[in-house]
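An overview of the molecular structure
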There are 2 protein chains.
Amino acid sequence: MLDKLDQKIISLLHQNARIAYKEVAAQVGLSAPAVTERIARLQERGIIRGYHAELDFLACGYPLEAVWLVRTHHQQLFAAIDLVKSLPEVVSCDTVTGENCLLVRLFATSVAHLDQLTYQVLAYGEVNTMIVKQHVVSPRLPPLQQP
Amino acid sequence: MLDKLDQKIISLLHQNARIAYKEVAAQVGLSAPAVTERIARLQERGIIRGYHAELDFLACGYPLEAVWLVRTHHQQLFAAIDLVKSLPEVVSCDTVTGENCLLVRLFATSVAHLDQLTYQVLAYGEVNTMIVKQHVVSPRLPPLQQP
DNA sequence: AGTGAAAATTTCACTCG
DNA sequence: CGAGTGAAATTTTCACT
């Protein structure tokens, strides 16, 4: 699936999504057009989904980062998902194993704000709220291998 | 702190980190050098931490995405963090509220692989392993406002 | 996948408010 | 000091091999 060159290209773009293709080319030992072509293919294949800026949300006016572990009541999973999706403070939400479980990451401006959000979700199930204290491992890439 | 223009710039770079500054300039109504200057300042201030490619890890040879909620034994938090950091399969790890708690995200190639990793962490505390079934909300930005 | 030229973007020096 | 302008430098894209 992914040869050594694709892996290296992906790794470079994961480290710095704004790197010049010419620079990628130099590091993988190909020409710029060859790299452009490979990246276009990786995007088409859905391996590369997009490019995002990593932000310091705390510096953006959100002093609180939290995670909810939501266990919804029977048959309420989809309603809970709809609610969670509608909250702009939510930055990610995954369904996980465990009966009707959701793992939700969100930002809030204050404890009162977080409480108010949690309250809305409580209508759909039990919510275990965890406040993120520190990022110990920043976004990184697992080793890519499989052919 | 962040004026309307900075917010718009951040939002555009979060949507697509490889957008041309010239295009950002057009969308915010400034010149390209003015935008370049603002982005440089946002980086210096630590508001923008970096730019990353978003990848489909499942397509990269990792059929399993999992989350651990680790509650470490007394005085073992830092040892657990050191172990978790040393595992290349781990892509993020946060300390969260709750006594000695860690929230860890990782990728594995098989259930056996995941088990083998979990086993190592079990030495430091109790581990609740959740397998990610579906991403319901993909990486998005909370509304930026605060001045 | 590479080459070389054309097109586009980024960067720089400089000017203006 | 932050923003605009135009030219230079760099990067990206395209046709062709």
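Only a predicted model underlies this, so the values are computations on that prediction, with no experimental measurement involved. (Residues numbered from 1 in each chain as written. Chains lettered and ligands numbered in written order. Predicted model: local features only at pLDDT ≥ 70, side-chain atom pairs only at ≥ 80, totals over all residues. Heavy atoms only, no water.)

Concerning the domain arrangement of chain A
Rules: The split into domains, and so the bounds of each, comes from an automatic or database assignment of domains.
When its domains are assigned, chain A resolves into domain 1 (4-44) and domain 2 (64-131). The distance between the C-alpha centroids of domain 1 of chain A and domain 2 of chain A comes to 37 Å.

Observations regarding the environment of B:Ala112
How we decide: Put simply, DSSP H or I for four residues or longer makes a helix, DSSP E for two residues or longer makes a strand, and each gets a number counted from the N terminus. Note on classification: 1.4 Å probe, protein chains only; a residue is buried when its accessible area is under 20% of the maximum for its type, exposed when over 50%, partly exposed between these limits.
By the secondary structure assignment, B:Ala112 is in helix 5 (residues 111-122). B:Ala112 sits in the exposed class, given a relative accessible area of 56%.

Brief notes about the nonpolar core
The criterion, for reference: Residues enter a nonpolar core if they are buried and are Ala, Val, Leu, Ile, Met, Phe, Trp, Tyr or Cys, with the set joined through side-chain atoms within 4.5 Å. We call two residues contacting when some pair of their heavy atoms lies within 4.5 Å.
Within the largest apolar cluster, 48 residues are counted, with the highest numbers of intra-cluster contacts made by A:Leu13, A:Tyr51, B:Leu13 and B:Tyr51. Among the elements of the structure, helix 1 (4-15), helix 2 (21-28), helix 3 (32-44) and strand 1 (48-55) of chain A together with helix 1 (4-15), helix 2 (21-28), helix 3 (32-44) and strand 1 (48-55) of chain B are those that each provide at least two residues to this core. Beyond its immediate stretch of four places on either side in the chain, B:Leu13 contacts A:Arg18, A:Tyr51, A:His52, A:Ala53, B:Ile19, B:Ile39, B:Ile48 and B:Tyr51.

Some words on the UniProt feature "domain: HTH asnC-type" (unreviewed entry) in chain A
The test is simple: UniProt positions are given in the numbering used here, feature names are shortened, and annotations may be inferred rather than shown by experiment.
Following the UniProt record, one finds the feature "domain: HTH asnC-type" (unreviewed entry) at residues 2-63 of chain A. Here residues 2-63 of chain A is 53% helix and 13% strand, with 40 Å between the C-alpha atoms at its ends.

Some points on the protein's contact with DNA strand D
We apply this condition: A single heavy atom is enough: if one lies within 4 Å of a molecule or strand, its residue is considered near that molecule or strand. As used in this structure description, the phrase polar contact means that two N or O atoms lie within 3.5 Å; if the pair is within protein, one of them must be able to donate a hydrogen and the other to accept it, and residues adjacent in sequence are counted only when both atoms belong to side chains. For this classification, Asp, Glu, Lys and Arg are treated as charged, while Ala, Val, Leu, Ile, Met, Phe, Trp, Tyr, Cys and Pro are nonpolar and the rest, including Gly, are polar.
Near DNA strand D the following residues occur: A:Ala20, A:Tyr21, A:Lys22, A:Pro33, A:Thr36, B:Arg18, B:Leu30, B:Ser31, B:Pro33, B:Ala34 and B:Arg38. Between DNA strand D and B:Arg38, the relevant distance is 2.7 Å, taken from a phosphate oxygen to a side-chain nitrogen or oxygen of the residue. Elements represented by at least two residues in the surface near DNA strand D include exactly helix 2 and helix 3 of chain A together with helix 3 of chain B. With three residues, the single largest contributor to the surface near DNA strand D is helix 3 of chain B. Looking at side-chain class alone, the surface near DNA strand D contains six nonpolar, two polar and three charged residues.

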